[in-house]
Amino acid sequence: MVTEFDPDLSASRRRFAIGGFSAAALATFGPSAKSSVAENQVVAPVEFNQLGGDLPCCKVLTGMWQLSGAHGYRPDKVKTVEAMKRHVEAGFTTFDLADHYGNAELMTALFRKQHPDLWAKSQFYTKWVPMPGDMKRSVVEKAVNERLKRMGTEKLDLLQFHWWDYGSQGQYMEALMHMQDMVNEGKINHLALTNFDTQNLESIVNGGIKIVSNQVQYSIIDQRPQKYMGPFCSKNDIKLLAYGTVCGGFLTDKYVGRKQLKNDDFDTVSKQKYYNMIRAWGGWDLFQELLAKMKVVADKHGVSVANVAQRWVIDQPSTGGAIVGARLGLQEHIDDNLRVFGFKLDKEDLDLIASATSQSNDLFKVIGDCGDEYRG
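Bear in mind that the values here come from a model prediction, so they are computed numbers and not experimental data.

Caption draft 1: Quick look at the overall build of the protein chain. In terms of regular secondary structure, the protein chain is built from 14 helices and ten strands. Sequence separation of at least 24 residues holds for 79% of the intrachain contacts in the protein chain that already meet a minimum separation of 6. Only carbon and sulfur atoms are counted for the fraction: they give 50% of the accessible area of the protein chain, which is about 15,500 Å².

This is the structure:
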């Protein structure tokens with residue numbers, strides 16, 4: 001069911017000055033962000049990048065995939081909306097969602113109805129993940145209109161497109177051309193991709209489609225984007241939206257010094273996925289060496305291991321932001337995520353981390369380019 005909304009509100013959605021918050025934005029978010037963190041913790045303003053010249057992108061995005069289920073909790077819509085409110089009030093205004101993330105799109109519509117002022121300061125990046133098939137205009141338009149209806153909005157901030165089969169390039173190019181037309185018609189602000197490899201991204205760009213971002217797995221252990229994807233994106237003004245930055249929770253203080261894992265450690269689909277990634281990268285023993293060195297860096301700066309993992313990713317030249325999942329209404333990391341903006345990694349830190357990662361397997365050789373893990 002679609003919630004009611006003010007049809008004139010979208011036109012007045014506030015856009016922040018990029019390169020840090022504008023003075024007005026700091027007045028809105030600065031005090032509330034600082035008040036939720038310990039007094040002795042250095043907290044800087046939430047940092048932003050920009051997609052496509054006009055769309056703010058928080059350098060730490062709130063991922064809503066855990067609303068899809070299989071992540072250890074049953075979402076409650078009241079608690080979810082209130083959690084979204086807390087995120088935006090703290091400065092985390094950018095949310096990553098999708099057509100298949102349970103009721104995530106519907107939650108943005110409900111958020112608009114209950115908190116229209118905060119909604120107007122927020123950005124909602126959704127996805128369309130169709131099965132390969134006929135991509136005529138009516139098929140694509142139906143999917144876009146469904147996103148608009150479910151999200152209770154007149155224009156999508158960002159529509160991220162995923163395609164399962166590179167062998168049907170003609171179909172995905174047709175879909176993208178229709179979506180590009182809808183950008184020109186005002187239904188979509190910007191068009192993006194998710195889990196495309198460099199070769200296909202290059203074909204899309206050369207085909208005249210304006211892409212502003214590509215969402216890929218990117219972390220201290222998965223540095224595949226640095227080989228081809230990152231340089232291509234930097235050259236073509238495309239930002240990477242990175243997921244898996246904390247490896248489903250494994251790149252955290254909780255697992256420092258853990259010799260063995262228990263069944264309880266695999267309480268989410270993400271944990272199962274990223275444990276397999278760790279094994280392919282170099283195994284649990286090497287991962288423990290990496291965690292120990294990241295803990296040294298974290299203690300030096302008075303932050304968490306997760307903060308170090310996030311900071312490493314968002315400081316990469318092609319990164320637009322790092323997506324951090326939240327069990328909205330159950331478990332959040334607002335206070336910890338705010339600490340990401342209060343420090344920088346220096347050469348000594350980076351060298352220490354690299355002394356562990358340099359011993360690992362090359363995941364590009366093991367798996368392939370970005371997104372290849374989703375295609376046989």
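Read on for the rest.
Caption draft 2: Main features of the pattern of salt bridges. One pass over the full model with this rule turns up 24 salt bridges. We note a salt bridge from arginine 147 to glutamate 146, for which the minimum N-O separation is 3.7 Å. Note on glutamate 146: relative accessible area 40%, which makes it partly exposed. Within the structure, one salt-bridge network assembled from shared partners comprises Glu47, Lys59, Arg311, Asp315 and Lys344.

Caption draft 3: Up close: the nonpolar core. Judged by nonpolar contacts, the single largest core of 112 residues is most densely connected at Phe161, Leu176, Met179, Phe287 and Leu290. No other element matches helix α10 (residues 284-301), which puts eight residues into this core. What phenylalanine 161 contacts, discounting residues up to four positions off in sequence, is Trp128, Pro130, Tyr172, Ala175, Leu176, Met179, Ala192, Leu193, Thr194 and Phe196.

Caption draft 4: Looking closely at the packing of helix α6 (residues 169-185) against helix α7 (residues 198-206). Where α6 contacts α7, the axes come no closer than 11 Å and their chain directions differ by 50 degrees. Regarding the angle of α6 to α7, the classification is oblique. Remark: the crossing between α6 and α7 carries right-handed chirality. Across the interface between the two elements, Gln169, Tyr172, Met173 and Leu176 from α6 touch Asn200, Ser203 and Ile204 from α7.

Caption draft 5: Examining the side chain of aspartate 96 more closely. Relative to the elements of secondary structure, aspartate 96 occurs in strand β4 (residues 94-96). Looking at aspartate 96, its side chain comes within polar contact range of the side chain of glutamine 160, at 3.1 Å. With residues near it in sequence (within four places) discarded, aspartate 96 still touches Thr62, Gly63, Met64, Tyr101, Tyr125, Lys127, Gln160, Gln215 and Ile323.

Caption draft 6: Main features of helix α3 (residues 104-114). Across the eleven residues of α3, nine count as buried, placing the element largely inside the fold. For α3, the complete set of buried residues consists of Ala104, Glu105, Leu106, Met107, Thr108, Ala109, Leu110, Phe111 and Arg112. Check the buried side of α3 and you find it contacts α2 (77-90), α4 (116-120), β5 (123-128) and α5 (137-151).

Caption draft 7: Representation of helix α11 (residues 305-314) within the structure. The buried fraction of α11 is high, at ten of ten residues. Buried within α11 we find Val305, Ala306, Asn307, Val308, Ala309, Gln310, Arg311, Trp312, Val313 and Ile314. The secondary structure elements touched by the buried residues of α11 are β3 (60-63), β9 (239-243), α10, β10 (319-325), α12 (334-338) and α13 (347-357).

Caption draft 8: Spotlight on the pairing of β10. In terms of residue burial, β10 counts as a mostly covered element, since seven of its seven residues are buried. Here β9 pairs with β10 via three bridges, running parallel. By the bridge assignment for β10, leucine 241 is matched with glycine 321.

Caption draft 9: The sheet that holds β4, seen in detail. In spatial order, the strands read β3-β4-β5-β6-β7-β8-β9-β10; together these eight strands close into a barrel with parallel pairing. Taking each pair of neighbouring strands and ignoring which way they run, the sheet shows an average axis angle of 30 degrees. Alignment of strand β7 (residues 188-194) against strand β8 (residues 211-217), held across three bridges, turns out to be parallel. By the bridge assignment, leucine 193 is partnered in β8 with asparagine 214. Each of β5, β6 (156-161) and β7 touches α5; the most contacted strand, β5, lies at about 145 degrees to it. The strands touched by α11 within the sheet are β3, β9 and β10, with β10 carrying the most contacts at an inclination of about 155 degrees.

Caption draft 10: Seen up close, the environment of serine 318. Structurally, serine 318 can be placed in the loop between α11 and β10. For the pair serine 318 and methionine 229, spaced 89 residues apart in sequence, the C-alpha separation works out to 8.7 Å. Among all residues touching serine 318, those that are not within four sequence positions of it are Tyr218, Gly230, Cys233, Ser234, Ile238, Lys239 and Leu240.

Caption draft 11: Layout of the pairing of β7. In terms of burial, β7 is largely enclosed, as seven of its seven residues are buried. Pairing of β6 with β7, which is carried by five bridges, proceeds in the parallel orientation. Counterpart to leucine 159 in the pairing with β7 is leucine 191. Handedness of the crossover joining β6 and β7 through α6 is recorded here as right-handed. This β-α-β element, β7 to α7 to β8, shows right-handed connectivity.

Procedures and definitions
Numbers given to residues run from 1 along each chain, matching the order in which its sequence is written. Given that this is a predicted model, residues contribute local features only at a pLDDT of at least 70 and side-chain atom pairs are listed and counted only at 80 or more, while totals for whole chains, interfaces and linings are drawn from all residues. As a rule here, side-chain values cover all heavy atoms of the structure and leave hydrogens and water aside. In DSSP terms, a helix is any run of H or I states spanning at least four residues, a strand is any run of E spanning at least two, and both are numbered starting from the N terminus. Every residue pair with non-hydrogen atoms within 4.5 Å of one another is taken to be in contact. The protein chains shown are the only cover counted for residues, whose accessible areas, like all others here, come from Shrake-Rupley with a 1.4 Å probe. The term salt bridge refers to a side-chain nitrogen of Lys or Arg lying within 4 Å of a carboxyl oxygen of Asp or Glu. The rule is simple: take the accessible area with a 1.4 Å probe, protein chains only, and divide by the maximum for that residue type; under 20% is buried, over 50% is exposed, in between is partly exposed. The term nonpolar core refers to a set of buried residues drawn from Ala, Val, Leu, Ile, Met, Phe, Trp, Tyr and Cys, joined through side-chain atoms within 4.5 Å. To get an axis, a line is fitted to the C-alpha atoms, and for a helix only the part in contact is used. The angle between two axes follows their N-to-C directions and goes from 0 to 180 degrees. When an angle is under 35 degrees it counts as roughly parallel; over 145 it counts as roughly antiparallel; between 65 and 115 it counts as roughly perpendicular; any other value is oblique. It is the rotation of the near helix from the far one that decides the hand of a crossing: anticlockwise by less than a right angle makes it left-handed, clockwise makes it right-handed. Pairing of N or O atoms within 3.5 Å defines a polar contact, subject to two protein rules: one partner must be a possible hydrogen donor and the other a possible acceptor, and residues neighboring in sequence count only if both atoms are side-chain atoms. At least two DSSP bridges between two strands are needed for those strands to be called paired. For the handedness criterion, the strands are oriented away from the viewer, and a crossover whose path from the first strand over the helix to the second runs clockwise is classed as right-handed.

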